[in-house]
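Understanding the architecture of this molecule
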Amino acid sequence: DIKWAGPTGELKEACPVLQLNSYPACPDPDRAMGLAAHTDSALLTILHQNNTSGLQVQREGTGWVTVPPIRGALVVNVGDLLHILSNGLYSSVLHRAMVNRTQHRLSVAYLYGPPSNVRISPLSKLTDSCHPPLYRPVTWSEYLGTKAKHFNKALSLVRLCARRNGFVDVNDHNSVLVG
Ligand SMILES: O=C(O)CCC(=O)C(=O)O
Ligand SMILES: [Fe+2]
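Description of the structure in this document. The structure presented is a predicted model; accordingly, all values stated were derived computationally and were not measured.

Points about the environment of Gln56
Note on placement: Gln56 falls in strand β4 (residues 55–59). Along the sequence, Gln56 and Pro68 sit 12 residues apart, while their C-alpha atoms lie 8.6 Å from each other. Look past the residues within four positions of Gln56 in its chain and what remains in contact with it is Trp64, Val65, Thr66, Val67, Leu94, His95, Arg96 and Met98. Within polar-contact distance, the side chain of Gln56 engages the side chain of Arg96 at 2.8 Å.

What follows is the structure, given as structure tokens:
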């Protein structure tokens, strides 16, 4: 299913992106947002944050939870394409970045995606008659277009209409009943 990620060298066709985020100190942090709530689009994001907190993830039932920076530690975020590949087993998490009142915050995000024209769909090993694929195949470039247009609704837009049969991806916070 994922030959592009195998040890045979196809991995070099993958599309990594390095994103530098800079959040200047803000005297009134409650009236500003560093980075609005989103899920990452690619497979995985590896994030380094400087010694200033600001990253928050949404935890169901609890709300926004701060991910404190730990010296030498990296944060690994599951992206939407891994959510699709794992048929919702690994959930892409809604997160955001707050600004700090006194400190300039920096973060470096390494977004790892597949080759842009490879179709990503739920792994066949994870699907059977009891666990049908919940997402249709989509390339990263197609998904980025959907994300640019529909932002946090993108994942539900590539979702197949499985709810009718009672199959629910418990990790899909954005899912809507389509069809
Ligand atoms: O600055 C952060 O901690 C979050 C950055 C982020 O979510 C992103 O670059 O996608
Ligand atoms: Fe992010």
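A look at the coordination of the iron ion (ligand 2)
Summarising the metal site, the iron ion (ligand 2) is bound by the protein donors His38 (NE2), Asp40 (OD) and His95 (NE2), whose distances to it range over 2.1 to 2.2 Å. Here Asp40 falls in the buried class, since its relative accessible area comes to 7%.

Quick word on the sheet that holds strand β1 (residues 15–23)
In spatial order, the strands read β1-β8-β3-β6; together these four strands make up an open sheet with antiparallel pairing. The open sheet is flanked by β1 and β6 (75–78), the only strands paired with a single partner. Each neighbouring strand pair of the sheet contributes to a mean axis angle of 20 degrees, computed without reference to strand direction. Of the strand pairs in this sheet, strand β3 (residues 44–49) and β6 are connected by four bridges, and their pairing is antiparallel. Counterpart to Ile46 in the pairing with β6 is Val76.

Some words on the side chain of Ser86
Among the structural elements, Ser86 can be located in the loop between α1 (80–85) and β7 (95–97). By relative accessible area, which is 5% here, Ser86 ends up buried. A polar side-chain atom of Ser86 sits 3.4 Å from the main-chain carbonyl oxygen of His83.

Observations regarding the sheet that holds β4
Strand order in the open sheet formed by four strands is β2-β7-β4-β5, with antiparallel pairing between adjacent strands. Single-partner strands in this sheet number two, and they are β2 (35–38) and β5 (63–66). Sheet twist, expressed as the average angle between the axes of neighbouring strands with direction ignored, equals 25 degrees. Summarising the sheet, β4 and β7 pair through three bridges and their orientation is antiparallel. By the bridge assignment, Gln56 is partnered in β7 with Arg96.

Basis of the calculations
- Residues numbered from 1 in each chain as written.
- Chains lettered and ligands numbered in written order.
- Predicted model: local features only at pLDDT ≥ 70, side-chain atom pairs only at ≥ 80, totals over all residues.
- Heavy atoms only, no water.
- Helix = DSSP H or I, 4+ residues; strand = E, 2+ residues; numbered from the N terminus.
- Contact = heavy atoms within 4.5 Å.
- Polar contact = N/O pair within 3.5 Å; in protein donor to acceptor, adjacent residues only side chain to side chain.
- Donors = N, O, S within 2.8 Å, 3.2 Å for Na, K, Ca; no water.
- Buried < 20%, exposed > 50% of the residue type's maximum accessible area, 1.4 Å probe, protein only.
- Pairing = 2+ DSSP bridges.
- Axes fitted to C-alpha atoms, helices over the stretch in contact; angles between N-to-C directions.

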